[in-house]
Amino acid sequence: MRLSAEPRNGTSEQVTGWITHIQRFSLHDGPGIRSIVFFKGCQMRCAWCANPEGLHSGREIFFHAERCLHCGQCAKLCPTELHSWQDRLHSLNRDRSCTGCGLCEERCPAAALNVVGEPLNVETVFDRVMADEIWFRQSGGGVTLSGGEVATQPDFAQALIARLKTEDIHTTIETAGYASWRALHQVTSGCDLILYDLKSAEDALHQRFTGVSNKIIVRNLVRLIDEGRKIIIRIPVIPGFNDAPESAEQLLRLIYSLIHGRDNVLGVELLPYHRFGTGKYTLLNREYAWNCHSANLDNVLRIAQQIGLPVRVSGTLAG
């Protein structure tokens, strides 16, 4: 049976969303071979975030300063004076908005500039991901919506899932759960699987290092579990945040209490910390403030075993 692809607020050609990029051939964000659509915009400000380009809506510029020839072409072309050229040196006025015209990126002779973020309608995203339909079919894969935070763009997410379902494509939502129940329910109601990030059971600690309370996150997870949704809970194991024995035990015991006896929760995954995203902060002229390195996964695994909570280490590295 083919489902209607028309969302609540218009046709799939009309509904647009802000996307940073689409990653092909992912193996760790849902079953099979998948394409990941990264949404732009997030309400949280995790100190270790590996995707800073996904935090803010709208367009931004990656600037590879080491490549710049200081030729001044971008400053001459930019309609908003985002680029400036003084004393034969290039600089970016990041307080100005990028129109996304792409002229600076197109004309830069050294490939020192990249526009990040574009508004795409559902049909455009659908066409791009369906280029890999054969791999979805053969591997039991599909499309994963990630971020940023998918729940910041509920109409677009809902419309894209509905469009994918017209072709029976498996859909997965990755969310940190910090959203109104209405928005979260809207983006998850049509998907096949939810990957739900849970970072800490300690509200004060959570607020300090993510910028938001964990209370709405836990409450939303409980509601999704009670609805019988298929969920995998994922714990980004962050050094100096949640890998200490006391913090890890508190979080694992919370998860055990929520999922014990619930067969719709398909597993708990540990996502090892990495620093691969630190270079993006330089490209955005921001500071990466999390100076820790590898997390103590052994602590978490040992405590999970003591509690009787089965966990597995995911091939996906935590953002």
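**Q** Tell me about the packing of helix H6 (residues 181-188) against helix H8 (residues 215-226), residues and numbers included.
**A** Between H6 and H8, the shortest axis-to-axis distance is 11 Å and the interhelical angle comes to 40°. Classified by the interaxial angle, the pair formed by H6 and H8 is oblique. Considering only the axes of H6 and H8, their crossing is right-handed. Taken together, the residues of H8 that come into contact with H6 (itself represented by Trp181, Leu184 and Thr188) are Asn220, Arg223 and Leu224. Considering only residue class, the contact of H6 with H8 consists of 3 nonpolar, 2 polar and 1 charged.

**Q** If you had to explain the packing of aromatic side chains to someone new, which residues and values would you point to?
**A** This model, assessed by the stated rule, comprises 7 aromatic pairs. Between Phe209 and Trp290, the ring centres sit 5.1 Å apart and the planes meet at 85°, which makes this aromatic pair edge-to-face. With Phe209 in helix H7 (residues 203-210) and Trp290 in the loop between helix H10 (278-283) and helix H11 (297-307), the pair connects residues that are 81 residues apart, well separated along the chain. With relative accessibility at 7%, the residue Trp290 sits in the buried group. Joined through ring pairs, the aromatic side chains of Trp48, Phe209, Phe241 and Trp290 make up one cluster. A cation over a ring is seen here: Arg163 above Phe126, with NZ or CZ 3.8 Å from the ring centre.

**Q** How would you sum up empty space enclosed by the protein? Please name residues and give values.
**A** The full count for this structure, using the stated rule, is 2 cavities of 30 Å³ or more. Put simply, the largest cavity is a space of about 110 Å³. Around the largest cavity, the lining comprises 16 residues; the ones closest to its centre are Cys68, Cys71, Cys74, Cys108 and Leu113. Among the elements of the structure, helix H1 (73-77) and helix H2 (103-107) are those that each provide at least two residues to the lining of the largest cavity. Looking at side-chain class alone, the lining of the largest cavity contains 11 nonpolar, 4 polar and 1 charged residues.

**Q** Requested: an account of the sheet that holds strand S12 (residues 265-272), with residues and values cited.
**A** Taken in spatial order, the 9 strands make up an open sheet running S7-S1-S2-S8-S9-S10-S11-S12-S13, and their pairing is mixed. Two strands bound the open sheet, and with one partner strand each, they are strand S7 (118-121) and strand S13 (312-313). Bridging between strand S10 (residues 193-197) and strand S11 (residues 231-237) involves 4 bridges; their strand directions are parallel. Across the sheet, residue Asp197 finds its bridge partner in S11, namely Arg234.

**Q** Residues and numbers for helix H5 (residues 154-165), please.
**A** Residues three or four positions apart in an α-helix share a direction because the helix packs 3.6 residues into each turn. The terminal C-alpha atoms of H5 lie 16 Å apart, and with 12 residues this matches the ideal 16 Å at 1.5 Å per residue to within 8%. Counting buried positions along H5 yields 10 of 12 residues, so the element is predominantly enclosed. Residues Pro154, Phe156, Ala157, Ala159, Leu160, Ile161, Ala162, Arg163, Leu164 and Lys165 constitute the buried set of H5.

**Q** Describe unusual backbone geometry, listing the residues and the values that go with them.
**A** In this structure, Gly148 follows Gly147 across a cis peptide bond, with omega equal to 15°. Within the secondary structure, Gly148 is located in the loop between strand S8 (142-146) and H5. In this model, Glu81 sits at a positive phi of 60°, which is unusual for a non-glycine residue. One can find Glu81 in the loop between H1 and strand S4 (83-86). On the accessibility criterion, Glu81 (49% relative accessible area) is partly exposed. Of note, the phi angle at Asn285 is positive, near 60°, even though the residue is not glycine. As for its position among the elements, Asn285 is in the loop between H10 and H11. With relative accessibility at 63%, the residue Asn285 sits in the exposed group.

**Q** Pulling in residues and values, what's your account of the pairing of strand S3 (residues 60-63)?
**A** Residue alternation in S3 divides its side chains into two sets, Glu60 and Phe62 and Ile61 and Phe63, and both sets are buried. Bridging between S3 and strand S6 (residues 113-116) involves 4 bridges; their strand directions are antiparallel. Across the sheet, Glu60 pairs through a bridge with Val116, a residue of S6.

**Q** How would you explain the side chain of Thr20 if you had to name every residue and give the values?
**A** With respect to the secondary-structure elements, Thr20 resides in strand S1 (residues 16-26). Assessed through its relative accessible area of 15%, Thr20 is described here as buried. Residues within four places of Thr20 in sequence aside, it is in contact with Phe38, Phe39, Lys40, Glu53, Gly54, Val116 and Gly117.

**Q** Give a description of the packing of H5 against H6 that names residues and reports values.
**A** Two elements in contact, H5 and H6, have axes whose closest approach is 8 Å; the angle formed by their N-to-C orientations is 15°. Between H5 and H6, the interaxial angle falls into the category roughly parallel. Note on packing geometry: the crossing formed by H5 with H6 is left-handed. Note on element contacts: H6 touches H5 through Ala183, Gln186 and Val187, opposite Pro154, Asp155, Ala157, Gln158 and Ile161. Of the residues that constitute the contact of H5 with H6, the class distribution is 5 nonpolar, 2 polar and 1 charged.

Each value, and the rule that gives it
Residues numbered from 1 in each chain as written. Predicted model: local features only at pLDDT ≥ 70, side-chain atom pairs only at ≥ 80, totals over all residues. Heavy atoms only, no water. Axes fitted to C-alpha atoms, helices over the stretch in contact; angles between N-to-C directions. Helix = DSSP H or I, 4+ residues; strand = E, 2+ residues; numbered from the N terminus. Parallel < 35°, antiparallel > 145°, perpendicular 65-115°, else oblique. Left-handed = near helix turned anticlockwise from the far one by under 90°. Contact = heavy atoms within 4.5 Å. Nonpolar A, V, L, I, M, F, W, Y, C, P; charged D, E, K, R; others polar. Phe/Tyr/Trp six-rings, centres within 6.5 Å; stacked < 30°, edge-to-face > 60°. Buried < 20%, exposed > 50% of the residue type's maximum accessible area, 1.4 Å probe, protein only. Lys NZ or Arg CZ within 6 Å of the ring centre and 35° of its normal. 1 Å grid on protein atoms, 1.4 Å probe; cavity = no way out; pocket = protein on both sides within 12 Å on 5 of 7 lines; lining within 4 Å. Points joined across faces, edges and corners; volume = space filled by probe spheres on them. Pairing = 2+ DSSP bridges. Expected span 1.5 Å × (residues − 1).

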